[in-house]
Amino acid sequence: TPAAPEAPVEPELAEPSDVSGMQSLGQLDEQPSAAMRDYEAAFSQLRAGRYAEASDAFRAFLDAYPGHALEANARYWLSETYYVRGDYQEAARGFAQGYRDYPGSAKQADNLLKLALSLSNLGQTEQACVTLSELRRTVPDAPTPIRKRADQERERLGCS
């Protein structure tokens, strides 16, 4: 029998100014201050728990600033807005896209972990286990909190 869906977890929020992968902002965006202002506004909505508004703001950021250094982060946080609202199908799509479209990004391990959690909440235990194995294989140096959470989920699901 599939494990009971896990209650949404509050996102672990990093400050936008503390985001990895922000190198060469000026080279990637002719208006870095406008992009940063829009990103930080979206992030503020997320931090305040206004997930629908944050979703709209991150989507607008992605539309307005394709190729921006914060694109991978914005995609991740957009997916997170679906996850915390229990829309695991849309969250899974977004986390999978983030993993696929931004290989090696600072959010690679986060995307895989949240993809696995989304799949688990959808009752797709086998796919969640495969995703957790992919996390272990492709990001062996993932941050400790992500590794620990992945190990807990692997144990909870009975992954081999």
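The structure this text deals with has already been given above.
Residues numbered from 1 in each chain as written. Predicted model: local features only at pLDDT ≥ 70, side-chain atom pairs only at ≥ 80, totals over all residues. Heavy atoms only, no water.

**Observations regarding the state of the cysteines**
Part 1 of the argument: Tallied over the entire structure, the rule returns one disulfide.
Part 2 of the argument: Each sulfur in the disulfide pair Cys129 and Cys159 lies 2.0 Å from the other. Classification of the bridge connecting Cys129 and Cys159 rests on its S-S torsion, roughly -80°, and on that basis the disulfide is left-handed. Here Cys159 lies in the segment after helix 8 (144-157) and Cys129 lies in helix 7 (residues 125-138), a separation of 30 residues in the sequence.
Part 3 of the argument: Looking at Cys159, the relative accessible area reads 17%, which means it is buried. (Disulfide = S-S within 2.5 Å. Helix = DSSP H or I, 4+ residues; strand = E, 2+ residues; numbered from the N terminus. Buried < 20%, exposed > 50% of the residue type's maximum accessible area, 1.4 Å probe, protein only.)

**A closer look at the environment of Glu90**
Part 1 of the argument: The topology assignment puts Glu90 in helix 5 (residues 88-101).
Part 2 of the argument: Distance from Glu90 to Glu80, taken between C-alpha atoms, is 9.7 Å for residues 10 residues apart in sequence.
Part 3 of the argument: Within the structure, Glu90 has its side chain in polar contact with the side chain of Arg93 (distance 2.8 Å). (Polar contact = N/O pair within 3.5 Å; in protein donor to acceptor, adjacent residues only side chain to side chain.)

**A few points about the side chain of Thr131**
Part 1 of the argument: One can find Thr131 in helix 7.
Part 2 of the argument: Polar contacts involving the side chain of Thr131 include one to the main-chain carbonyl oxygen of Gln127, which spans 2.8 Å.

**Quick look at the nonpolar core**
Part 1 of the argument: Counting residues in each nonpolar core, the largest one holds 42 residues, and the members touching the most others are Tyr39, Phe58 and Leu135.
Part 2 of the argument: Those elements giving two or more residues to this core turn out to be helix 2 (32-47), helix 3 (51-64), helix 4 (71-84), helix 5, helix 6 (108-121), helix 7 and helix 8.
Part 3 of the argument: Aside from chain neighbours lying at most four places away, what touches Leu135 is Ala109, Leu112, Leu113, Pro140, Ile146 and Ala150. (Core = buried A, V, L, I, M, F, W, Y, C linked by side-chain atoms within 4.5 Å. Contact = heavy atoms within 4.5 Å.)

**What to know about the pattern of salt bridges**
Part 1 of the argument: Scanning all chains against the criterion turns up nine salt bridges.
Part 2 of the argument: A salt bridge links Glu134 to Arg137; the nearest nitrogen and oxygen atoms lie 2.9 Å apart. Here Arg137 and Glu134 lie together in helix 7, a separation of three residues that amounts to about one turn.
Part 3 of the argument: Overall, Glu134 belongs to the partly exposed group, its relative accessible area being 21%.
Part 4 of the argument: In this structure, Arg149 engages Glu153 in a salt bridge whose closest nitrogen and oxygen atoms are separated by 3.3 Å. One end of the pair, Arg149, and the other, Glu153, are both in helix 8, four residues apart, so they sit about a helical turn from each other.
Part 5 of the argument: Residue classification places Glu153 among the buried positions, given a relative accessible area of 1%.
Part 6 of the argument: Each of Arg136, Asp151 and Arg154 takes part in salt bridges that share partners, so that together they form one network. (Salt bridge = Lys/Arg side-chain N within 4 Å of Asp/Glu carboxyl O.)

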